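Here is how the chains run, residue by residue.
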Amino acid sequence: MTETVAELPPTAAADLEPQTEQDLSEAVKSLRGPVRIVGGDTQALRCKTDRKLSVAGLSGVTLYEPGALTIVVQAGTQVSEIEGLLEGERQRLAFEPIDYRGLLGTDGAPTIGGVVAGGRSGPRRIQAGACRDALLGVRFVDGTGTIVKNGGRVMKNVTGYDLVKLMAGSFGTLGVLTEVSLKVLPIPAMTATVRLEDLADVDAIKALSAALGSPYDVTGAAHLSSPDKSLTSIRLEGFEASVRYRCGQLTQLLSRFGAVHIDDDPESVSQSWSDIRNVRPFHGTTDDVWKLSVTPSDAPGLVASLPDGIRSSASSVLYDWGGGLIWLATRPGSDLRASLPDLRGHATPVRASDSTRKTLGMFHPQPAPVERLSRQLRARFDPDGRFNPGLMHA
Amino acid sequence: MEMPAPDPLVLLKKASLVATLKDVLPSDAVISDPVETRAYECDALTAYRCPPLCVVLPSSTEEVSQVLRICHDMNVPVVPRGSGTSLAGGALPTEDSVILGIARMNAVLETDYDNRLIRVQAGRTNLSVTGAVEADGFFYAPDPSSQLACAIAGNIAMNSGGAHCLKYGVTTNNLLGVTMVQMDGTVIELGGGHLDPAGYDLLGLICGSEGQLGVVTEATLRILRKPEGARPVLMGYDSSIVAGQVVSDIIKAGVLPVAIEFMDRPCIEACEAFAKAGYPMCEALLIVEVEGSEAEIDEQLGIITEIARSHNPVELREARDADEAGRIWLGRKSAFGAMGQINDYMCLDGTIPVSSLAFVLGRITELSKEFGLDVANVFHAGDGNMHPLILFDANVDGQLETCEALGAEILKLCVEAGGCLTGEHGVGIEKRDLMDVQFAPEDLEAQMAVKDVFDPKWLLNPAKVFPLAVSQDRRSASIAAQ
């Protein structure tokens, strides 16, 4: 068991491991110098300090009401613990956050605080919404050690400004999350995948658009383009008769693109979407891996426009969110952004050497007025620059 | 309702302000005649009125930017206004403010079915967004009950909801991007056709900020393909506790209806007298609607009616055709009109955790007796967004005040039960002074820090959202700086 931080001398450069929100607040108040906030440290984010402030000690479920589709948990709670608890009631985190361990070769256990701070959302984002859409409320400690709450545990809440959205995806730079409340959804009775093979990227994205523009409630729309083979996958979930009906309708709708196959084997369906969610095709390779957020129909053109040599030969491109999310590999150290001057969206080097990430910046540069607002917000929430210096807008 | 005293220095500037505004806007876009500005002296919270200094009706983002820059430089407060349908006084002017009405900006700029989005000018009404795409089988999901009149700009300001949020979410879940003008005239673009922000989620922060951080002039909205069909089922129970249990059991069973509406006895009686929809007289009535193909609807309703039956309903009525579906919805849709027939009413919109439904309804009944005013409840049960309607007579001295006092108690009750003051109407001036029931001073300070960043002079939509005493220092600092 670690000592509580309040007992450490304020000048000690030891890592901090508070066990309660109050401890954390006291620790931040007496901080000299910056810290890097970690939960399970599975995303391996680097900033200008190595001194860690771990939130893993703040763990536990505060409240779970299956009939209200809500769960309130402390930020350091492991995602696996939450998923296990939800599964017992046939519920789940609908935004299916990516687990970075496979891609980044990290170990440790992902925490819900890390998921929320990183705004991590998987394939179901297109239908069930992102992590930020499921996030109903937060408690956090700002850079002055003040404990702040916003939102709550109800689904409709417009009381005051929505700092909940601001905190989701702010990577700890505005405050340390201590507790989050989340909307959860039922696990459907059945899941099936409608598949097409060997479509050109441009046709695949058209097929995904057609499926997403249909009334058949698609909950996953991905295309894996590999040198030897490509696979276009559309996920349907719900009660069995309904899933079977919609599989039939989509088969008709998409037959103009090629032969349509249905996969309804629970294990294979589950594994294939887990592979998409965790970007399996890039596990264990040595290239840099970039994530691009774009307008879906722009996606194939953007990938095709990349100059020879920037992408590693024989590597895959994974399109998720109907094309709106692109994962691709580049030769180490390449500046993908420089090759995409007309990008409507943004590009992030998720896996790259520390020096590459430092040179290029993890976060896509923003227009000056937006950058100015962001910096000012950060300066207000963390005036002494204690949290994750060097990350995001600082 | 207390409003800050107008700044005399601003009042003195009226003539020069109007002249400067006329330099950048067509003459019919600047209204300064007190007779004509009367149309803008209140929104749908009609109990409070105040004529503005003047009204401007710009036609482009560029004009909005020029207006804001002028007002910023002259230190004149600005109240942005969509269609003026706020029930919370979100567009109530102050005497020293300019109303910036966005109604003339109502064009569709782009429809893109491949990417399932539409880009509109923000003065466009909610329903006419769907109107622009429905011939092609698409719709815009958030559907506040004022959707015929309310503007997207106001929907974004208040993060409006509607009856179908359980499945489709509220405005913030369907908003992909905005063009927004800051108080100093700076135009910024947030979001667009891509889903995630590059940095902080400023789009999420803007949505629901009640027009206090900037003026949204254009919006990119997510559109969805219309489901193949929809069908409601009606069920009546002789106890609201049981009805609450039914709601919870339906949700736990893994069915996600698009809407679960709840009405209590006073509301059923009023609606029945008004619309004669053939509702059963009971303590609690639920209308549950599901969507999909015929077979899918049958499957979902099969599960729902089985749950409903297991709780011994006094009535269970499934719609067999469109006509019967219409009759099921008829009473619910005329609820507000029915109440208006009986009396004046105040509509609250606090949200509670669904699990506290029976407790909160019981307490509301007690409070209603204590204050001597009837309360009818009609609300979105799936998401806990209540709409207690307090009936009063505005012509009887003191009844408005009693009504407001009862309303405040009910909203405090919602917060105590683990919920919030407002689920979809916004704070405006109406719930401004109750904010410290829900938030500690540090919580409000964090929100006001955001306001400081976006609008350092505190000129945008003054005297809303934050209790006047809490925002006092910031507002007076801004006046002193002139």
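Keep in mind the model is a prediction, meaning the values are calculated, not measured.

**Here we look at the interface of chain B and chain A**
- Counting from both sides, the interface comprises 91 residues of chain B and, opposite them, 74 residues of chain A.
- When the two sides are added together, the surface that chain B and chain A hide from each other amounts to roughly 6,500 Å², 59% of it contributed by carbon and sulfur.
- Summed over the shared surface of chain B and chain A, the number is 7 salt bridges.
- Counting the contacts that link chain B with chain A gives 28 residue pairs in polar contact (both at pLDDT 80 or more).
- Elements supplying a minimum of two residues to the side of chain B that touches chain A: α7 (165-168), α8 (171-174), β9 (187-191), α9 (202-206), α10 (240-252), α12 (294-310), α17 (435-438) and α18 (441-454) of chain B.
- It is α18(B) that provides the largest number of residues to the side of chain B that touches chain A, a total of 11 residues.
- Here the side of chain B that touches chain A is built from residues that sort into 38 nonpolar, 31 polar and 22 charged.

**Section: the packing of aromatic side chains**
Residue and element names in this part refer to chain B.
- Per the counting criterion, the structure on display carries 8 aromatic pairs over all chains.
- Taking 4.8 Å as the distance between ring centres and 20 degrees as the angle between the ring planes, the aromatic pair formed by Phe-262 and Phe-379 counts as stacked. Here Phe-262 is found in strand β13 (residues 259-264), whereas its partner Phe-379 is found in strand β17 (residues 375-380), with 117 residues between them in sequence. Exposure class is identical for Phe-262 and Phe-379. Each is buried.
- Lys-333 extends its terminal NZ or CZ atom over the ring of Trp-329, reaching a point 5.3 Å from the ring centre.

**Here we look at the sheet that holds strand β13 (residues 260-263) of chain A**
All names here are of chain A.
- Ordered by their spatial adjacency, 8 strands build an open sheet running β13-β10-β12-β11-β15-β16-β14-β17, and the pairing between neighbours is antiparallel. Pairing within the sheet leaves two strands with one partner each, and these edge strands are β13 and β17 (345-351). For this sheet, the mean inter-axis angle between neighbouring strands, taken without regard to orientation, is 20 degrees.
- Taken strand by strand, helix α8 (residues 201-212) contacts β11 (218-225), β12 (230-238) and β15 (317-320), and its axis lies near 175 degrees from that of β11.

**Observations concerning the packing of helix α14 (residues 368-381) of chain A against α18(B)**
- The N-to-C vectors of α14(A) and α18(B) enclose an angle of 145 degrees; their axes lie 10 Å apart at closest approach. Where α14(A) crosses over α18(B), the handedness of that crossing is right-handed. Between α14(A), through Leu373(A), Gln376(A), Leu377(A), Arg380(A) and Phe381(A), and α18(B), the contact on the second element is made entirely by Glu445(B), Ala446(B), Ala449(B), Val450(B), Asp452(B), Val453(B) and Phe454(B).
- Taken together, the residues of the contact of α14(A) with α18(B) break down into 8 nonpolar, 1 polar and 3 charged.

**Thoughts on the environment of Gly323(A)**
Residues and elements named next belong to chain A.
- Among the secondary structure elements, Gly-323 is positioned in the loop between β15 and β16 (325-330).
- Looking at Gly-323, the relative accessible area reads 0%, which means it is buried.
- For Gly-323, the contacting residues outside a window of four places in its chain are Ile-205, Val-294, Pro-296 and Ala-299.

**Notes on the confidence of the model for chain A**
- Taken over all residues, the pLDDT of chain A has a mean of 94, while the share at 70 or more is 96%.
- When the criterion is pLDDT under 50, residues 1-12 of chain A qualifies, and its contacts beyond four places in sequence or with other chains add up to 17 contacts.

**Examining unusual backbone geometry**
- Residues other than glycine seldom take positive phi values, yet Val279(A) does so here, at roughly 45 degrees.
- The backbone phi angle of Glu210(B) is positive, close to 55 degrees, even though this residue is not glycine.
- With respect to the helices, strands and loops of the structure, Glu210(B) is situated in the loop between α9 and β10 (215-222).

**So, the pairing of strand β6 (residues 135-141) of chain A**
Residue and element names in this part refer to chain A.
- Among the 7 residues of β6, 6 are classified as buried, and the element is accordingly described as predominantly covered.
- Pairing of β6 with strand β8 (residues 176-183) involves 6 bridges; the strand directions are antiparallel. Considered in β8, the bridge of Val-141 is made with Val-176.
- The pairing of β6 with strand β7 (residues 147-151) spans 5 bridges and is antiparallel. Residue pairing for β7: Val-141 is matched across the bridge by Ile-147.
- Connecting β6 to the next strand, β7, in antiparallel fashion are 5 residues, including Gly-145 with a positive phi near 90 degrees.

**Focus: the sheet that holds β8(A)**
Residues and elements named next belong to chain A.
- Read from one edge of the open sheet, 5 strands run β3-β4-β8-β6-β7, paired in antiparallel fashion. Because the sheet does not close on itself, it has two edges, and the strands there are β3 (61-65) and β7. Between one strand and the next, the sheet's axes are offset by a mean angle of 10 degrees, whatever the strand orientation.
- Packing of helix α1 (residues 21-29) onto the sheet brings it into contact with β6, β7 and β8, and relative to β6 it is tilted by some 50 degrees.

So, how was this worked out
Residue indices follow the written sequence of each chain, beginning from 1 at its first position. Chain labels run from A onward and ligand labels from 1 onward, assigned in the order the entries are written. Thresholds applied to this predicted model are a pLDDT of at least 70 for local features of residues and 80 or more for the giving and counting of side-chain atom pairs; totals over whole chains, interfaces and linings are not thresholded and use all residues. Side-chain descriptors were evaluated using all non-hydrogen atoms of the structure, hydrogens and water having been removed beforehand. By definition in these notes, contact holds between two residues if any of their heavy atoms fall within 4.5 Å. Defined in terms of a 1.4 Å probe, buried area is the accessible area two parts forfeit on being brought together, summed over both. In the sections that follow, a salt bridge refers to a side-chain nitrogen of Lys or Arg positioned within 4 Å of a carboxyl oxygen of Asp or Glu. Whenever a nitrogen or oxygen atom comes within 3.5 Å of another N or O atom, the pair is scored as a polar contact, on the condition that within protein one atom can donate a hydrogen and the other can accept it, and that pairs from neighbouring residues in sequence are kept only if both atoms are in side chains. Helix and strand assignments come from DSSP, with helices taken as H or I runs of at least 4 residues and strands as E runs of at least 2, each series counted from the N terminus. In this classification, the charged set is Asp, Glu, Lys and Arg, the nonpolar set is Ala, Val, Leu, Ile, Met, Phe, Trp, Tyr, Cys and Pro, and all remaining amino acids, among them Gly, are polar. Here the aromatic set is Phe, Tyr and Trp, taking the six-membered ring for Trp, and pairing holds for ring centres within 6.5 Å; pairs whose planes are under 30 degrees apart are stacked, those over 60 apart are edge-to-face, and all others are tilted. Whether a residue is buried, partly exposed or exposed follows from its accessible area with a 1.4 Å probe, protein chains only, as a fraction of its type maximum: under 20%, in between, or over 50%, in that order. Think of it as a cone above the ring: NZ of Lys or CZ of Arg counts as a charge over the ring if it is within 6 Å of the ring centre and within 35 degrees of the ring normal. Strands were regarded as paired on the criterion that DSSP finds at least two bridges between them. Orientation is described by lines fitted to C-alpha atoms, with helices fitted over the stretch in contact, and by angles between N-to-C directions that extend from 0 to 180 degrees. If you view the pair so one helix is near and one far, a crossing is left-handed when the near helix is turned anticlockwise from the far one by less than a right angle, and right-handed when it is turned clockwise. Predictor confidence is given residue by residue as pLDDT, running from a minimum of 0 to a maximum of 100.

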